[in-house]
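# Structure assessment
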Amino acid sequence: MARKRITLKDPGRFIDPANLTWERYVALQARERERYLTERAAIPHDALDYKNVSPRYLQNAIDQFANNYYSELSATHYVATAAANAPFDELKKSALFQLADEQRHLEMDREVFERARIPEGDWLAAWESPGTTCRFFRHLLELEDSIEILVKGNFVAEGAAGPGTFTVLADGAEARGDVLSAVNHRARIRDETRHISYGRALVKALIEDDPSNVDTIQQWQDDSLQLFSEVARGGARREWWEGFLASYYKIALPMGLRPTTF
Ligand SMILES: [Fe+2]
Ligand SMILES: [Fe+2]
């Protein structure tokens, strides 16, 4: 079945809310990097080497590490596709800056796996096991249309995943002695917030351009949240899932979208 496509007939409706140029982006990333390195340098050695966490924590955390690492890895691929196929330059520019952010996040999450000494051969199996966000991201990786990718990836998934759930993840990790994960989650919040803002600007522009676009966006939301819902199945990660939906609906309902029925 051909995928439903929508376009922005008037691309002038989309304006990058962060108003970034290459110059500004590089300066912003340099500041973020400085801040991250300072926070990371304050982590005691034992904590950085995962000496203060229980073996049980690590066993349970593998799924979470895989959710973090592979979603960032996926983002470096699907955002690259969105940039390559972008229908207009302003959108391409936002996607290219995001691509650089996601690469940085990916490297932070790789370090978690490595410092926790989880053999690389186990990573993918953890990601592919039931109850992870794998199904959603594999779906995103099959898409080619920039608008569909950015609505699902930035507006729905990132709109849901941040900033509320990153705070939950950071606090949860820190309480169990996993300070590196906590520092990483807090470091990506500002980038993810920027990705959400331009996803939101895109959705707003699409609906203003043609109000009937809301029906397609509703369908994309329903598809995405269905794929995510398996993460909450069985009652685990209940708090995460509720925060996830609440963050998303806070931006979606004012746009005229309805909650998804599961
Ligand atoms: Fe990211
Ligand atoms: Fe992101």
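Values in this document were obtained by computation on a predicted structure and should not be read as measured data.

## Section: the overall build of the chain
Of regular secondary structure, the chain possesses eleven helices and zero strands. For the chain, the succession of helices and strands along the chain, N to C, is α-α-α-α-α-α-α-α-α-α-α. Computed over its C-alpha atoms, the radius of gyration of the chain comes to 18 Å, within 12% of the 18 Å expected for a compact globule of 262 residues. By the burial criterion, 55% of the 262 residues in the chain qualify as buried. About 12,300 Å² of surface is accessible on the chain, with carbon and sulfur atoms providing 54% of the total. Where the 33 positive side-chain charges of the chain centre and where its 40 negative ones centre are 2 Å apart.

## Concerning the coordination of the iron ion (ligand 1)
In the first shell of the iron ion (ligand 1), the protein supplies Glu72 (OE), Glu72 (OE), Glu102 (OE), His105 (ND1) and Glu192 (OE), at 2.1 to 2.6 Å from the metal. All donors to the iron ion (ligand 1) come from one chain, and their sequence spacing reads E-x29-E-x2-H-x86-E. Between the iron ion (ligand 1) and the iron ion (ligand 2) the interatomic distance comes to 3.5 Å, and Glu102 is a ligand of both metals. Separated by 30 residues along the polypeptide, Glu72 in helix H3 (residues 55–84) and Glu102 in helix H4 (residues 89–115) bring together distant segments of the chain. On the basis of relative accessible area, Glu72 is assigned to the buried category, the value being 5%.

## A short note on the confidence of the model for the chain
Detailed reading of the predicted coordinates is not advisable wherever pLDDT falls low. Per-chain confidence: the chain averages 94 in pLDDT, with 98% of residues scoring 70 or above. For the chain, the element scoring lowest by mean pLDDT is helix H8 (residues 164–175), at 88; H4 scores highest, at 97.

## As for the packing of aromatic side chains
Each aromatic ring pair is specified by the distance between its two centres and by the angle formed by the two planes. Evaluation of the coordinates by the stated rule reveals 22 aromatic pairs. Measuring from centroid to centroid gives 6.2 Å for Phe137 and Phe228, while their planes differ by 85°, and the two rings are edge-to-face. In this pair, Phe137 is assigned in helix H6 (residues 134–142) and Phe228 in helix H10 (residues 213–229), connecting sequence segments 91 residues apart. Phe228 shares its class with Phe137; the two are buried.

## Focus on the nonpolar core
Formed by 80 residues in total, the largest nonpolar core has its most connected members in Phe14, Phe65, Phe155, Ile217 and Tyr248. At 13 residues, H3 tops the list of elements feeding residues into this core.

## Quick notes on the pattern of salt bridges
For the structure shown, the criterion picks out 25 salt bridges. The shortest N-O distance in the salt bridge between Arg3 and Glu148 comes to 2.7 Å. Of this pair, Arg3 sits in the segment before helix H1 (22–41) while Glu148 sits in helix H7 (residues 146–161); the two residues are 145 residues apart in sequence, bridging distant segments of the chain. Residue classification places Arg3 among the partly exposed positions, given a relative accessible area of 44%. We classify Glu148 as buried; its relative accessible area is 1%. With a shortest N-O distance of 3.8 Å, Lys92 and Asp89 are connected by a salt bridge. Of the two residues, Lys92 and Asp89 are both situated in helix H4; the distance of three residues between them amounts to about one turn of the helix. Assessed through its relative accessible area of 58%, Asp89 is described here as exposed. Each of Arg3, Glu148, Lys152 and Asp223 takes part in salt bridges that share partners, so that together they form one network.

## A word on the side chain of Thr260
Considering the arrangement of structural elements, one finds Thr260 in the segment after helix H11 (238–252). Residue classification places Thr260 among the buried positions, given a relative accessible area of 8%.

## Remarks on the packing of helix H5 (residues 120–128) against H6
Viewed as axis vectors pointing N to C, H5 and H6 meet at an angle of 95°, and their least axial separation amounts to 8 Å. Between H5 and H6, the interaxial angle falls into the category roughly perpendicular. Across the interface between the two elements, Leu124, Trp127 and Glu128 of H5 pack against Cys134, Arg135, Phe137 and Arg138 of H6. Each residue belonging to the contact of H5 with H6 can be placed in one class, and the counts come to four nonpolar, no polar and three charged.

## Description of the coordination of the iron ion (ligand 2)
In the first shell of the iron ion (ligand 2), the protein supplies Glu102 (OE), Glu158 (OE), Glu192 (OE) and His195 (ND1), at 1.9 to 2.2 Å from the metal. We note that the donor set of the iron ion (ligand 2) lies within a single chain, spaced as E-x55-E-x33-E-x2-H.

Conventions we followed
- Residues numbered from 1 in each chain as written.
- Chains lettered and ligands numbered in written order.
- Predicted model: local features only at pLDDT ≥ 70, side-chain atom pairs only at ≥ 80, totals over all residues.
- Heavy atoms only, no water.
- Helix = DSSP H or I, 4+ residues; strand = E, 2+ residues; numbered from the N terminus.
- Rg over C-alpha atoms; globule rule 2.2 N^0.38 Å.
- Buried < 20%, exposed > 50% of the residue type's maximum accessible area, 1.4 Å probe, protein only.
- Areas by Shrake-Rupley, 256 points an atom, 1.4 Å probe, with all protein chains shown as cover.
- Lys, Arg positive; Asp, Glu negative; His and termini not counted.
- Charge placed at Lys NZ, Arg CZ, Asp CG, Glu CD.
- Donors = N, O, S within 2.8 Å, 3.2 Å for Na, K, Ca; no water.
- pLDDT = per-residue confidence, 0-100.
- Phe/Tyr/Trp six-rings, centres within 6.5 Å; stacked < 30°, edge-to-face > 60°.
- Core = buried A, V, L, I, M, F, W, Y, C linked by side-chain atoms within 4.5 Å.
- Salt bridge = Lys/Arg side-chain N within 4 Å of Asp/Glu carboxyl O.
- Axes fitted to C-alpha atoms, helices over the stretch in contact; angles between N-to-C directions.
- Parallel < 35°, antiparallel > 145°, perpendicular 65-115°, else oblique.
- Contact = heavy atoms within 4.5 Å.
- Nonpolar A, V, L, I, M, F, W, Y, C, P; charged D, E, K, R; others polar.

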